Each structure stands twice: as C-alpha cells, then as structure tokens.
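Structural features, examined
For reference, the chains in residue letters:
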Amino acid sequence: MSILTLSAIELAKKLREGEITSEALTKATLDRIHAENERLNAFLFIDDDGALDVARAVDADRAAGKELPPFAGVPIALKDNICERGTPVTCGSKMLEGWIAPYDATVVKNIMAARLPIVGHTNMDEFAMGSSTENSAFGPTVNPWGENLAPGGSGGGSAAAVAAYLVPWALGSDTGGSIRQPGALTGTVGAKPTYGNISRYGVVAMASSLDQVGPVARTVADAAALQEILSSHDPLDSTSLPEPATGLLDATGEGSQTEDLSGLRIGVVKELSGEGIEPGVEAVFEQAVESLKERGAQIVEVSLPSFEMAIAAYYLIMPAEVSSNMARFDGVRYGNRVEPTEGPVTAETMMRETRGKMLGAEVKRRIILGTYALDAGRYDEFYGSALKVRTLVQRELADAFAQVDALVTPTAPGVAFELGAKSEDLMAMYMNDMTTTPANLAGVPAMSVPAGLADGLPVGVQVVAPAHEDARMYKVAAMIEASADPSARTCPIDVREDA
Ligand code: GLN
C-alpha cells in the first residue's frame, strides 16, 4: 500500500519514528499531484520548491534532535482564496489571475508554525460562489469517483485532491456549505467550525458573517487535528473567539471508537428528510441514525420549521454581503484592470469594463441581487425579512439544543451529479445548500462524514452541534465513521506504490 493512502495521523507517526522523511513524502505527494492534476484539475498552483524547502528544514531539525510540532512534515494544500505570501491567489477568478499575495493569512501562519509543507492551492468556484466548482474561471474540477461527475463546491478542488490521495488533508472555506457538500460528494470529511473559531484574516471574504475556514480530510480524527492546528485567537480578526478549540482530537477517541453513546440525545430534523432528499441518500442516513441508536444514543425527532426558509434567507443575506465585499475588485484597489476600447476613459467606464470582463456570470448575478436587496426602498422587504429568518433559525436551534445534544441530517440532498447537469438550473444548484446553510446562519459547528454508498457513490451525514461544542460534533462524527461502510471513504482509484 502506498504511503499516500495513509491518514495524516499515521504519516506523522511514521515521520516521528524516522520511517520516512518529509522530503520523500512531500516529493511523492508532488509527483502524484503532477501526474493526476491534468485529469482532475484540482490544483491551480503547485509549489514544488516552497513545499520541499519546508520538508527539508523539518528533516534537518528532526535529525538535529530539535523538538518539533506533532504533525511537522505532513504536506497540506490550501483553497485558492487563502493568502500565502509570495504565491499566486486567484479565488478561481480571472479578476485576480497573476496576483501575488503580499502577506500570510493567520491560518497560513498557524500551518507554518505547525511546520506543514504547503504543496499548492486548490481549484474553487469563482470567489467561492457555487456548489459544483464549475464556476471556476480555470475550468471545473473532476470528481475522482467518476470522470463526468462534479465534486461539489465551492471547495471541489480541496475535496477532490484529498479523495484522490493527492494530499492527506487540505483547507476549505464554508459560507453556506462549501466544505461539507463537496465532502459529501467525494467521500471526504469536512468541518465548518463554530463561527470565530478560526481566523478569517487573510481569507478573501465572500459573506463575512457566514464565512468560516475549516479542515478537509479523509478521517474524522485528521479533521479534528487540523482544526486544532488552525484554531487560535487572532487580534487581527474582530470576530475571532477569545479561546482556541481544544480537545477535538481527544473527542474522536483517536481510532479507539468503542465508546458507547448512552446518555447522548441526537435530534433528527423533520424538515430535512423526505421531500427533496434522494431515496438512496435517505437510506444511508437512516442506517447511520440506526448505528447511533445501537451505540446507546437516544434518537429524538425535532421540528425546525424555519429550516425551510433558511435557503431563501441565505440567498439574500449572502449576496447582500457579497455585493459589498466584491466592491474592492474594481481595477483600482484590486483586480486586473481593463481599459474601455471605445468612448471616454473615466474611472467609471474603466471599472465597468473591468468588472464586466473579469467576473463570471454567477458572481455578477449575486452582486446585482445583493445590491437590489440592500436598496433603501426594498431593504425591509428583502434584507430585513431575511435577517428575521436568520434570528428564527438561531432561536429554533437554541430550543432544539435544549432537548438534544447534537443534530444529524443528510449533508446534501443527492449524490455527486454530472458536470453540466445543474449549471443551467439555478434553483436545482441552489437547493444543494438546503441542508448546510442553517449552520452558517446560526454560526454553529457542522461537519460531514462519509456514511455509506448510494448508486455506488458516497453519501455524507451532517452532524450539527451547539456553538462552542465542536468537540461534541467530532465525537458523534467519529461514531458514525466507525459504523459506516468504509468503501464510502475509499475512492476507487489507483495509487501507485511510489514511495
Ligand atoms: N454553495 C453555496 C453558495 O454557492 C455555498 C458557497 C460557500 O460555502 N462558499 O453560496
């Protein structure tokens, strides 16, 4: 078995015990990325030199007997909306093509402190807007589970890279489901932490009150370990929580998932089952619920009527914030400038030309929709009503968490769909997010864990916990993982014995 199929925890152990070097591991990782990327288009930038420099420095320090952080030398990838100093960051957009980040995001600083070689940046829907990675200006990422399949989005690049053993773990960002939904569609684990748990400083904003960076991995324990690395209080992000998350990896039982769940009350959300959910997904979900019951958990049906309005509220609040955050891409402050070829050249015509030529249709649609929703004459009707729904979602969740310790839902309404199948049907595309957006609106932690197969494709189960109870979320997810069909997290793809 190739070492590239091992988890980050297993790799870290091999590195610590001197069985492999970080240089050899990082080289094997880069070789596999180069070999597979033409087909998968998961990476937009591959950083051989940068990654190997870190790997060699880790090996040298280890050889010199220096104390190293536990995961030192395990390679990682970043979603391409996270600033890493001196490297290109595009956000999947022509607007930023060729832009070199002038500083490091706080999460990148934390990764560097953990001494993880960064092998590159992964493909994404333009400015993280989408559910299939087809909105990338640099072409879609292919789901390694099938050459015609979309990997979900917006973080399809990170999910596909991790699923196809190109890298053991990666970073994503989740505004309405962009870590969890691609996780479900590729058979990977993806978590959106409690809002404020991970710094957003240096992460290109989509909708600031909803955005949260999080881990993408092949196991629940790896995701927990990565969230611990990423989590820190950051004075540069005013929404950063005072205390970092701790005890996440411990909560997963680190592989010894024998724990019983007696005393734990798990809620099943009435509004997120049945209609709109594919029968194959529903069947896997029910099996996962059954497995929790077998471990002693008490299953309670809860009703959260506002969840049915969450998607509508999300598609008003999110574009409103998008319209404001995107204003900086005007060819003056940021973005590749395009001068008008006809008529007078003024600041306004230049900005119009720049935004007209450099942004894709979905991004423009959201800027227009958000600007409309915020218009003085319509503010109360649209944005104001959406904020009321947001409050309702928060209140109903708080009430639910008075009765249960965590909620479970299907992560996505269906399995991976074909590339192109939903790109013309916006409603169908947006409905992908019906199960994931409530957690962003409420700021609570939520993650997806592969739970089984439907039609030979992976199905994810979402675990939602109260704010600041990320450890509890990982605990329940680890239990689902332990009972799940392991083929749901094992992409059927060749991995050569390269290292
Ligand atoms: N699919 C959702 C959207 O298009 C979520 C995006 C995200 O989480 N970045 O808005």
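In what follows, the structure referred to is the one given above.
Model, not experiment: these values are computed from the prediction. (Residues numbered from 1 in each chain as written. Predicted model: local features only at pLDDT ≥ 70, side-chain atom pairs only at ≥ 80, totals over all residues. Heavy atoms only, no water.)

Looking now at the pairing of strand E5 (residues 189-192). Where burial is concerned, the two faces of E5 agree: the one with Val189 and Ala191 and the one with Gly190 and Lys192 are both buried. Across 2 bridges, the pairing between E5 and strand E6 (residues 212-217) is antiparallel. From the neighbouring strand, Val189 faces E6, where its bridge partner is Ala217. (Buried < 20%, exposed > 50% of the residue type's maximum accessible area, 1.4 Å probe, protein only. Helix = DSSP H or I, 4+ residues; strand = E, 2+ residues; numbered from the N terminus. Pairing = 2+ DSSP bridges.)

Okay, the pairing of strand E2 (residues 76-79) next. Side-chain alternation along E2 places Ile76 and Leu78 on one buried face and Ala77 and Lys79 on a second face that is also buried. Sheet topology note: the E2/strand E3 (residues 118-122) ladder contains 4 bridges and is parallel. Within E3, the residue paired with Lys79 across the bridge is Thr122. Regarding topology, helix H4 (residues 106-113) serves as the crossover connection from E2 to the parallel E3, and that connection is right-handed. (Right-handed = clockwise from strand over helix to strand, strands pointing away.)

This next bit is on the packing of helix H2 (residues 22-40) against helix H3 (residues 48-63). Where H2 contacts H3, the two axes come as close as 8 Å, and the packing angle between them is 160 degrees. Taken together, H2 and H3 sit at an angle that is classed as roughly antiparallel. When the axes of H2 and H3 are compared, the crossing they make is right-handed. Across the interface between the two elements, Ser22, Glu23, Thr26, Lys27, Leu30 and His34 of H2 pack against Asp48, Ala51, Leu52, Ala55, Arg56, Val58 and Asp59 of H3. For the contact of H2 with H3, the residue count by class is 5 nonpolar, 3 polar and 5 charged. (Axes fitted to C-alpha atoms, helices over the stretch in contact; angles between N-to-C directions. Parallel < 35°, antiparallel > 145°, perpendicular 65-115°, else oblique. Left-handed = near helix turned anticlockwise from the far one by under 90°. Contact = heavy atoms within 4.5 Å. Nonpolar A, V, L, I, M, F, W, Y, C, P; charged D, E, K, R; others polar.)

So, about the nonpolar core. Counting residues in hydrophobic clusters, the biggest one holds 155 residues, and the most contacted among them are Phe127, Trp169, Leu171, Val408 and Ile480. In terms of residue count, helix H10 (residues 307-325) provides more of this core than any other element does, 11 residues in total. When sequence neighbours within four positions are dropped, the list of residues in contact with Ile480 reads Ala288, Leu292, Val408, Val449, Ala451, Val461 and Val463. (Core = buried A, V, L, I, M, F, W, Y, C linked by side-chain atoms within 4.5 Å.)

Spacing of three or four residues puts side chains on the same side of an α-helix, whose turn is 3.6 residues. For helix H16 (residues 470-483), which comprises 14 residues, the first-to-last C-alpha distance of 20 Å matches the rise-based estimate of 20 Å (1.5 Å per residue) to within 8%. Those residues of H16 not exposed but buried are Asp470, Met473, Tyr474, Val476, Ala477, Ala478, Met479, Ile480 and Glu481. (Expected span 1.5 Å × (residues − 1).)

Taken together, the neighbourhood of the ligand is formed by 16 residues, with Ser131, Thr175, Gly176, Ser178 and Tyr314 sitting nearest. The backbone of Gly130 places a nitrogen or oxygen atom 2.9 Å from a nitrogen atom of the ligand. Contacts to the ligand include Gly176, whose backbone N or O atom sits 2.7 Å from an oxygen atom. Notes on the ligand: free accessible area 290 Å², of which the protein chains cover 100%. Looking at the shell around the ligand element by element, the count peaks at 3 residues for H10. Taken together, the residues that form the shell around the ligand break down as 6 nonpolar, 7 polar and 3 charged. (Near = heavy atom within 4 Å. Polar contact = N/O pair within 3.5 Å; in protein donor to acceptor, adjacent residues only side chain to side chain. Areas by Shrake-Rupley, 256 points an atom, 1.4 Å probe, with all protein chains shown as cover.)

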